[in-house]
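Here are the chains, one letter per residue:
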Amino acid sequence: MIPGRSLRDRFPEYVETLQDKIVTALEEIDPDAPHFLRDRWERPQGGYGISSVFSTPYSSTPATTILEKAGVNISVIHGSLPPAAVKQMRADHGSLPYDPDSRVNLPFFAAGLSLVIHPRNPHAPTVHANYRYFEVTDPEDESKLLAWWFGGGSDLTPSYLYEDDARHFHATLKGACDAHGAALYNGFKAWCDEYFFIPHRNEARGIGGLFFDDLCDTPHKRLPDAALTDRPWTSETIFAFVRAAGDAFLPSYLPILERRASTPSTDAQRRWQLLRRGRYVEFNLVYDRGTKFGLMTPGARIESILISLPEVARWEYRSEVGSEAESEEGKLLEVLRKPRVWVE
């Protein structure tokens, strides 16, 4: 690290490096598949992004690639937040200054990596991850920070439950957390279980992982009793934690993907996978804060925001699949309705 370099410089460098590592690793496990499309774009209102997208050409004959659709995207943007946006964001970010009588826009900077991977095989789980940094500066002196925070996490969404996979995923994330504070994993695992919940279905989107937001140098509502040694408190120590969490993505997920990608599957299992992907769509379009913020951001790149949606999904009226508690589908639903502790 060069002394004096700001997080506005260093965080984009980190997510670009992480993006390249993840895309390269995914290409290496299926060398005969098409490469990811790497698309750099410029935001007219300020900033840029790199969308790395995997898909196969449409065909009536199913492809045989390990991945069906995937996106590993970064964005580094800046601009102005109007008072209405500041008011809305303040509900989740208490450090953000808000004057109800002000008509002044606040300059902002945001950088992050967001990914979703939808494998083809019903036994290989979908995964999502996101790591981001956000700051707001004084409109009269943009060198003066008014608020800053980190957010992110990673969560696993299987169609079929393999308990060894769940334990491996959570144990890897817990290891990344524990090196930076004893309070982090339990606090952010519980938040993940709550956040990725579909109220109108009364079930979670998946089997959880980590979710955190508004992590800065003030007390955190999800870590109310955290002592100085239980969590990172400074921008540098929080950045170190976020890097550890981001670096844990590949070891948490890639072994699972490699283990399940060639598992024999049936048409009935594919049907169930598509029904579960329908739930994925419902959560992302109805509840996900990141999707909503992205769609409301001036100059938003809609294709990049909606890359999280699966290529194919299914809805059935009063579907009977999963209604038998002892079936493999029923066993997954039980966990989605009653989140489990996967590692101590």
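Read on for a plain summary of the structure. (Residues numbered from 1 in each chain as written. Predicted model: local features only at pLDDT ≥ 70, side-chain atom pairs only at ≥ 80, totals over all residues. Heavy atoms only, no water.)

## Regarding the overall build of the protein
The helix and strand tally for the protein stands at ten helices and nine strands. Taking 20 Å as the expected radius of gyration for a compact globule of 344 residues, we find that the protein reaches 20 Å, a close match to that expectation. The proportion of buried residues among the 344 residues of the protein is 53%. Looking at the protein as shown, the accessible area adds up to about 16,200 Å², and 53% of this sits on carbon and sulfur atoms. Here the protein contributes 39 positively and 48 negatively charged side chains, and the mean placements of these two sets differ by 4 Å. (Helix = DSSP H or I, 4+ residues; strand = E, 2+ residues; numbered from the N terminus. Rg over C-alpha atoms; globule rule 2.2 N^0.38 Å. Buried < 20%, exposed > 50% of the residue type's maximum accessible area, 1.4 Å probe, protein only. Areas by Shrake-Rupley, 256 points an atom, 1.4 Å probe, with all protein chains shown as cover. Lys, Arg positive; Asp, Glu negative; His and termini not counted. Charge placed at Lys NZ, Arg CZ, Asp CG, Glu CD.)

## Observations regarding the side chain of aspartate 213
Tracing the sequence through the fold places aspartate 213 in strand 9 (residues 209–215). A polar contact of 2.6 Å, which involves the side chain of aspartate 213, links it to the side chain of arginine 289. Dropping the residues within four chain positions of it, aspartate 213 is found in contact with His93, Arg132, Trp149, Phe150, Gly151, Trp191, His220 and Arg289. (Polar contact = N/O pair within 3.5 Å; in protein donor to acceptor, adjacent residues only side chain to side chain. Contact = heavy atoms within 4.5 Å.)

## Digging into the pattern of salt bridges
A full pass over the atoms with the stated rule returns 26 salt bridges. With a shortest N-O distance of 3.5 Å, arginine 120 and glutamate 68 are connected by a salt bridge. One end of the pair, arginine 120, is in the loop between strand 4 (106–119) and strand 5 (126–138); the other, glutamate 68, is in strand 3 (residues 67–81), and 52 residues separate them in sequence. Both residues of the pair, arginine 120 and glutamate 68, count as buried. The network of salt bridges with shared partners includes Glu68, Arg120, Arg270 and Arg277. (Salt bridge = Lys/Arg side-chain N within 4 Å of Asp/Glu carboxyl O.)

## Here we look at unusual backbone geometry
Phi at asparagine 202 takes a positive value of approximately 55 degrees, unusual for a residue other than glycine. Assignment of secondary structure puts asparagine 202 in the loop between strand 7 (197–198) and strand 8 (203–204). Phi is positive for arginine 318, which is not a glycine, with a value near 50 degrees. Mapped onto the secondary structure, arginine 318 falls in the loop between helix 9 (302–305) and helix 10 (328–337).

## Here's the deal with the nonpolar core
Ranked by internal contacts, the top residues of the largest apolar core, which has 90 residues, are Leu26, Leu115, Ile117, Phe150, Phe188 and Phe241. No other element matches the nine residues that helix 1 (residues 7–28) contributes to this core. Sequence-distant contacts of isoleucine 117, defined by excluding residues within four places in its chain, comprise Leu26, Leu67, Lys69, Ala70, Pro125, Thr126, Val127, Phe249 and Tyr253. (Core = buried A, V, L, I, M, F, W, Y, C linked by side-chain atoms within 4.5 Å.)

## With respect to the packing of helix 3 (residues 163–178) against helix 6 (residues 249–260)
Viewed as axis vectors pointing N to C, helix 3 and helix 6 meet at an angle of 160 degrees, and their least axial separation amounts to 8 Å. One element, helix 3, and the other, helix 6, form an angle in the roughly antiparallel class. Of the two elements, helix 3 crosses helix 6, and the hand of that crossing is right-handed. Of helix 6, the residues touching helix 3 (which contributes Asp165, His168, Phe169, Thr172 and Leu173) are Pro251, Ser252, Pro255, Ile256, Arg259 and Arg260. A breakdown of the residues in the contact of helix 3 with helix 6 according to their chemical character gives five nonpolar, three polar and three charged. (Axes fitted to C-alpha atoms, helices over the stretch in contact; angles between N-to-C directions. Parallel < 35°, antiparallel > 145°, perpendicular 65-115°, else oblique. Left-handed = near helix turned anticlockwise from the far one by under 90°. Nonpolar A, V, L, I, M, F, W, Y, C, P; charged D, E, K, R; others polar.)

## Brief notes about the environment of isoleucine 302
For isoleucine 302, the position within the fold is in helix 9. For isoleucine 302, a relative accessible area of 37% corresponds to the partly exposed category. Put simply, isoleucine 302 and leucine 333 are 31 residues apart on the chain and 32 Å apart in space, counted from C-alpha to C-alpha.

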